[in-house]
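Take a look at the letters that make up each chain.
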Amino acid sequence: MPHFLDLASVTAPALRAILDEAHRRKAARRGLPKGTPDSDAPLAGHTLAMFFEKPSTRTRFSFDMAMRQLGGTSIVTSAGEMQLGRGETVADTARVLGRMVDAVMIRTNSHATLEGLAENAGVPVINALTDISHPCQVMADIMTYEEVAGLPVAGSCWAYLGDGNNMANSLIEAASVLRFDLRLGVPHGYDPDQAVMATAGCRGGAIDLVRSAAAAVDGADVVVTDTWVSMGQTEARDKIAALQPFQVTAALLAKASPNALFLHCLPAHRGEEVTAEVIDGPQSRVWDEAENRLHIQKAILLWCLGKL
Ligand code: CP
Ligand code: NVA
């Protein structure tokens, strides 16, 4: 079953095919009204179920519009509105949804919920963010780099600054599968997931955990950060203090390659993980990155449904 659960569990050729399809479809529909289906409407007759245990703007709209542009439909709900919120098990929910829809997308607090859904649904399941990973977002980031640079991601050099969170974990997996260099500027105590690091290390990727923001960004092609307080976490003063030296400022970005792009999955907190000068400045590609959620989602859906 072609689930899209994590980047380490999808092969490099499959990730490459997804990226190529996203670039191709984006170019092919340029100028069309956003609600007009792609000319081939490859998912006509297909329905995606989406459910959210956490808030979302980009993921929710991009998957919904992705299904419309592919000629299919979607059903969106929050987990709290489902019987899941009253104690029905993930396994039973999965068995029911799998009888009614063609694929399921979930944003959940716990990676184990995602895995339980995938084990029982009998249809492809897509990870739209868990506590451990955010693979769809990182694919959109890679698409954005390739679009701006005009080059495949392999061989490029990325710097991630901040909390060793779900975004950091998915970047680590992407770097190891798609073969780009990744330097993680992360303070002690906020490291990425140990199992993710160990698996990526085993694959021989060039992934370095450094404790200095300047060392992380030195000559990098891409500088990426994320919120210091993820959904479901409580704001802690000692965490903010530890992360402060990893704030992306104009002075820090100046140490990257002169053409480096700045990425952020959003929502952003200007004055915390990034200054307004950087995120609203000329090297920032965050709006392209947000738009590319739509284009990459379409390619991920096509791969999951055997259309790539
Ligand atoms: N980047 C991202 O996943 O955004 P949302 O939380 O708005 O979906
Ligand atoms: N790390 C963030 C990503 C938001 C898209 C979070 O989990 O809240």
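Here the structure is shown first, and the text comes after it.
Now for a description of the structure that goes with this document. (Residues numbered from 1 in each chain as written. Chains lettered and ligands numbered in written order. Predicted model: local features only at pLDDT ≥ 70, side-chain atom pairs only at ≥ 80, totals over all residues. Heavy atoms only, no water.)

Core analysis: the largest hydrophobic core is formed by 59 residues, its most contacted members being Phe4 and Trp158. Filtering out sequence-adjacent residues up to four positions away, Phe4 remains in contact with Val10, Leu15, Ile18, Val125, Ile126, Asn127, Pro135, Cys136, Met139, Ile300, Trp303 and Cys304. (Core = buried A, V, L, I, M, F, W, Y, C linked by side-chain atoms within 4.5 Å. Buried < 20%, exposed > 50% of the residue type's maximum accessible area, 1.4 Å probe, protein only. Contact = heavy atoms within 4.5 Å.)

Every residue lining ligand 1 is accounted for by Ser56, Thr57, Arg58, Thr59, Arg107, His134, Gln137, Cys265, Leu266 and Arg293. One nitrogen or oxygen atom from the side chain of Arg107 is found 2.7 Å from an oxygen atom belonging to ligand 1. Here Cys265 contributes a backbone N or O atom positioned 2.9 Å from a nitrogen atom of ligand 1. Here ligand 1, which alone exposes 260 Å², has 97% of that area covered by the protein. Its atoms largely coinciding with the cavity grid, ligand 1 occupies the second largest pocket. In the shell around ligand 1, the residues fall into two nonpolar, five polar and three charged. (Near = heavy atom within 4 Å. Polar contact = N/O pair within 3.5 Å; in protein donor to acceptor, adjacent residues only side chain to side chain. Areas by Shrake-Rupley, 256 points an atom, 1.4 Å probe, with all protein chains shown as cover. 1 Å grid on protein atoms, 1.4 Å probe; cavity = no way out; pocket = protein on both sides within 12 Å on 5 of 7 lines; lining within 4 Å. Sits in = over half its atoms within 2 Å of the grid points. Nonpolar A, V, L, I, M, F, W, Y, C, P; charged D, E, K, R; others polar.)

It is worth spelling out helix H12 (residues 286–304) at this point. With 19 residues, H12 extends 26 Å between its outermost C-alpha atoms, agreeing within 8% with the 27 Å of an ideal straight helix rising 1.5 Å per residue. Along H12, the sharpest change in direction is near 30° and occurs at Asn292. The buried count for H12 comes to 15 of 19 residues, which makes it a mostly enclosed element. (Helix = DSSP H or I, 4+ residues; strand = E, 2+ residues; numbered from the N terminus. Expected span 1.5 Å × (residues − 1). Bend = angle between axes of the 7 residues up to and from the residue.)

Relative to the elements of secondary structure, Arg293 occurs in helix H12. Classification of Arg293 by relative accessible area gives buried; the value is 1%. Taking the C-alpha atoms as reference points, Arg293 and Phe63, separated by 230 residues in sequence, lie 8.2 Å from one another. There is a polar contact of 3.0 Å between the side chain of Arg293 and the side chain of Thr59.

If you trace the four strands from one edge of the open sheet to the other, you get S2-S1-S3-S4, paired in parallel fashion. Looking at which strands have only one partner, the edges of the open sheet turn out to be strand S2 (73–78) and strand S4 (125–127). The mean inter-strand angle of the sheet, taken between neighbouring strand axes irrespective of direction, is 20°. Bridging between strand S1 (residues 47–52) and strand S3 (residues 103–107) involves five bridges; their strand directions are parallel. Residue pairing in the sheet places Met50 in a bridge with Met105 of S3. On the sheet, helix H2 (residues 58–69) packs against S1, S2, S3 and S4 and is oriented at approximately 175° with respect to S1. (Pairing = 2+ DSSP bridges. Axes fitted to C-alpha atoms, helices over the stretch in contact; angles between N-to-C directions.)

Right, let's talk about the packing of helix H6 (residues 166–178) against helix H7 (residues 194–202) for a bit. Contact geometry of H6 with H7 gives a least axis separation of 9 Å together with a crossing angle of 10°. Looking at the two axes, H6 sits roughly parallel to H7. Between H6, through Asn169, Ile172, Glu173 and Ser176, and H7, the contact on the second element is made entirely by Val196, Met197 and Ala200. For the contact of H6 with H7, a count of residues per class yields four nonpolar, two polar and one charged. (Parallel < 35°, antiparallel > 145°, perpendicular 65-115°, else oblique.)

Close to ligand 2 lie Leu129, His134, Asn165, Asn166, Asp226, Thr227, Ser230, Met231, Cys265 and Leu266, which account for all nearby residues. In this structure, Asn165 approaches ligand 2 through a side-chain N or O atom, which is 3.4 Å from a nitrogen atom. The separation between a nitrogen atom of ligand 2 and a polar side-chain atom of Asp226 is 2.6 Å. With the chains in place, 95% of the 270 Å² that ligand 2 exposes on its own is no longer accessible. Here the residues of the shell around ligand 2 sort into four nonpolar, five polar and one charged.

This next bit is on the pattern of salt bridges. Under the defined criterion, the tally for this structure stands at 16 salt bridges. Its salt-bridge partner being Asp92, residue Arg95 comes within 2.6 Å of it at the nearest N-O pair. Of the two residues, Arg95 and Asp92 both sit in helix H3 (residues 90–100), three residues apart, roughly one turn of that helix. Where Arg211 meets Asp191, a salt bridge forms, and the shortest distance between an N and an O atom there is 2.7 Å. Of this pair, Arg211 sits in the loop between strand S7 (207–210) and helix H8 (213–217) while Asp191 sits in the loop between strand S6 (181–185) and H7; the two residues are 20 residues apart in sequence, bridging distant segments of the chain. (Salt bridge = Lys/Arg side-chain N within 4 Å of Asp/Glu carboxyl O.)

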